[in-house]
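# Working through the structure, step by step
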Amino acid sequence: MVRDAEEEAGSGRELNAHERVLAEDRRVVRETFRVSIGGAHAGLATAVVVVALFATVGGTAWALIVGGAVGFWFAVTLTAVVGGGRRGWAAVTRAYILTFGWARWL
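What you are looking at is a predicted structure, and each value in this text was computed from that prediction instead of being measured.

### Details of the packing of aromatic side chains
A full pass over the atoms with the stated rule returns 1 aromatic pair. A ring pair is formed by Y96 and F100, whose centres lie 5.5 Å apart and whose planes are at 55°; its orientation type is tilted. One end of the pair, Y96, and the other, F100, are both in helix α5 (residues 88–100), 4 residues apart, so they sit about a helical turn from each other. An identical accessibility class is assigned to Y96 and F100; each is buried.

Next comes the structure, spelled out in structure tokens:
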């Protein structure tokens, strides 16, 4: 753990107690918010189920509204990812993970 914190500092010096605590906090936050392609698949499946429920209960119009909102969010994230420099399949994969990766936290 200390070695990781020293590497984050970017120098060979020993970290003080405050810097070690900050490095550990950053590691915990990274682990908490890490998303995976598996979580994204579960998020997509959940979104499909929700849209199907809206279609069953509320009718086609509500299903189109909810499905359109999900599609719009994917388009926004894809635009942001492409604007950030990713291209091709890497951009689509990153946008997919950003759109549907929330399911890991359910």
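### Digging into the side chain of T99
The residue T99 is located in helix α5 in this model. Looking at T99, its side chain comes within polar contact range of the side chain of T77, at 2.9 Å.

### Observations regarding helix α4 (residues 60–83)
For α4, built from 24 residues, the straight-helix expectation of 34 Å at 1.5 Å per residue is met to within 8% by its first-to-last C-alpha distance of 34 Å. Among the residues of α4, those classed as buried are A63, V66, T77 and V81. Looking at the buried side of α4, the elements it contacts are α3 (37–58) and α5. Phi turns positive, to about 115°, at G85, one or two residues after α4.

Reading the values: the criteria
Residues numbered from 1 in each chain as written. Predicted model: local features only at pLDDT ≥ 70, side-chain atom pairs only at ≥ 80, totals over all residues. Heavy atoms only, no water. Phe/Tyr/Trp six-rings, centres within 6.5 Å; stacked < 30°, edge-to-face > 60°. Helix = DSSP H or I, 4+ residues; strand = E, 2+ residues; numbered from the N terminus. Buried < 20%, exposed > 50% of the residue type's maximum accessible area, 1.4 Å probe, protein only. Polar contact = N/O pair within 3.5 Å; in protein donor to acceptor, adjacent residues only side chain to side chain. Expected span 1.5 Å × (residues − 1). Contact = heavy atoms within 4.5 Å.

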